[in-house]
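Observations on the three-dimensional arrangement
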Amino acid sequence: MPFRPRYTGLIDKYRDRLPVHDDTRIISLGEGNTPLIRLNNISRQLDKEVDIYVKYEGLNPTGSFKDRGMTMAITKAIDANSKAVICASTGNTSASAAAYSARAGIIPFVLIPDGKIALGKLAQAMMHGAVVIQIQGNFDDGMRLVKEVAEQAPITIVNSINPYRLQGQKTAAFEIIEELGKAPDYHCLPLGNAGNISAYWMGYNEYFQTGIVNQRPKMCAYQASGAAPFLRGHPVENPETVATAIRIGNPQSWDKAWAAQKESGGWFDEFDDQDILAAQKLLAEKEGIFCEPASAISIAGVMRDVKSGKIPEGSVVTCTLTGHGLKDPDTAIQQCTVQPIKIKAELAEVKNAILQNMG
Ligand code: AN7
């Protein structure tokens, strides 16, 4: 019987590329090592020869890519003897911070926008015992308050302005390169607070500069039209989108994201809510992959850019699906036009329902 060592998370795997020591106490939930799935049906539908892969980050322990950064941020907070951490969040960061803090035995304070966080994410923060502070404001207000509080209290910020977050998140680029045997030609992802694009670019650069690969992808990042500061060229006041994860008007990693786009030769683009939801539904229906609305914007992006020829035939493209669809069941159910069929618990009625829906 073949044995292999138990997978114990990305810090153990990439120890020599991360700022930890041999005796660092690692706080891990087995994050990373997520599947890179090739899209079959959607690619065929595009009628172009393009290889599209999705990095399904929804399969991380708390259901989003944030876990990659959080294992590092909480590990380093413990290393520095921190007793409490704080973040502002549109939902996923708070869920992840809550889980890793529970694991580490420290107190997480999370500031979330009142009423604008997906149900699953709120449930996670509450279940893991975070101190949930709902503010009458948006993510950007929360971020400002978190920075102010951390100046006056001994508390560690675990938003992506914490440099260890990006260190952890860069490992997704390593995994993609290892699986493809090379860097992709294009990498598409959603753009919110801009930590993730910065982290991927860091990861791709690291493998490029150490000679592991001889090319880097063009970074293509997409925003919701109602929350698109990178498209407007300046912060926006009242960001609004159904993709609440990226309802952000004043991204913290502004310069890093621009650098990634410019240095890679990629681009930024935007989609309205309708396009975002259509992409989410298409991916679920045609490929069996359920991601949250914000994540689906990378699918909308790759489809538009392949169709237009901006991404040429013969390209290898990777898309990050940043969060799991189960995070936001309300939005999912609301956009399903076909309702469950309600019948009596009788064979004849079941048969009838089957016959009417055989296609
Ligand atoms: C599913 O949780 O900012 O550009 O507070 O949850 O690195 O911010 C979430 C962001 C994309 C954007 N997709 O990534 C938070 C938060 C999902 C997300 C993003 C987020 P960044």
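In this report, the structure presented in the accompanying data block is examined. Note that the structure is a prediction, hence the values are computed from the model and not measured.

**Thoughts on empty space enclosed by the protein**
This model, assessed by the stated rule, comprises one cavity of 30 Å³ or more. Its boundaries defined by the atoms lining it, the largest cavity holds a volume of some 320 Å³. For the largest cavity, the lining is made up of 26 residues, of which Phe 65, Lys 66, Gly 192, Asn 193 and Ala 245 are closest to its centre. Among the elements of the structure, helix H4 (92-104), helix H7 (163-169), strand S7 (186-190) and helix H9 (195-209) are those that each provide at least two residues to the lining of the largest cavity. The element best represented in the lining of the largest cavity is H9, accounting for three residues. When grouped by side-chain class, the residues that make up the lining of the largest cavity number twelve nonpolar, twelve polar and two charged.

**Some points on the sheet that holds strand S4 (residues 107-113)**
Within the open sheet, the four strands sit side by side as S5-S4-S3-S6. Their pairing is parallel. Among the strands making up the open sheet, the edge pair consists of strand S5 (131-135) and strand S6 (156-157). Where helix H6 (residues 139-152) meets the sheet, its contacts fall on strand S3 (84-88), S4, S5 and S6, and the angle it forms with S3 comes to roughly 150 degrees.

**Structural notes on the site of the ligand**
Around the ligand sit 24 residues, and of these Asn 92, Asn 193, Ala 194, Asn 196 and Thr 322 come closest. Asn 92 is positioned with one of its side-chain polar atoms (N or O) 2.7 Å from an oxygen atom of the ligand. A distance of 3.2 Å is found between an oxygen atom of the ligand and a backbone nitrogen or oxygen belonging to Gly 195. Burial of the ligand by the protein amounts to 99% of the accessible area it has alone, namely 480 Å². When atom positions are compared with the pocket grids, the ligand is found to occupy the largest cavity. Of all the secondary-structure elements, those providing two or more residues to the shell around the ligand are H4, H9 and helix H13 (293-308). For the shell around the ligand, the per-class residue count stands at ten nonpolar, twelve polar and two charged.

**Looking at the pattern of salt bridges**
Scanning the entire structure with this criterion turns up 15 salt bridges. The salt bridge involving Glu 206 is made with Lys 170; its shortest N-O contact spans 2.8 Å. Taken together, the residues Glu 206 in helix H9 and Lys 170 in the loop between H7 and helix H8 (171-180) connect sequence positions 36 residues apart. By relative accessible area, Glu 206 is classed as buried at 18%. Overlapping salt bridges bring together Lys 55, Glu 57, Arg 68 and Glu 175 as one network.

Conventions adopted
Residues numbered from 1 in each chain as written. Predicted model: local features only at pLDDT ≥ 70, side-chain atom pairs only at ≥ 80, totals over all residues. Heavy atoms only, no water. 1 Å grid on protein atoms, 1.4 Å probe; cavity = no way out; pocket = protein on both sides within 12 Å on 5 of 7 lines; lining within 4 Å. Points joined across faces, edges and corners; volume = space filled by probe spheres on them. Helix = DSSP H or I, 4+ residues; strand = E, 2+ residues; numbered from the N terminus. Nonpolar A, V, L, I, M, F, W, Y, C, P; charged D, E, K, R; others polar. Pairing = 2+ DSSP bridges. Contact = heavy atoms within 4.5 Å. Axes fitted to C-alpha atoms, helices over the stretch in contact; angles between N-to-C directions. Near = heavy atom within 4 Å. Polar contact = N/O pair within 3.5 Å; in protein donor to acceptor, adjacent residues only side chain to side chain. Areas by Shrake-Rupley, 256 points an atom, 1.4 Å probe, with all protein chains shown as cover. Sits in = over half its atoms within 2 Å of the grid points. Salt bridge = Lys/Arg side-chain N within 4 Å of Asp/Glu carboxyl O. Buried < 20%, exposed > 50% of the residue type's maximum accessible area, 1.4 Å probe, protein only.

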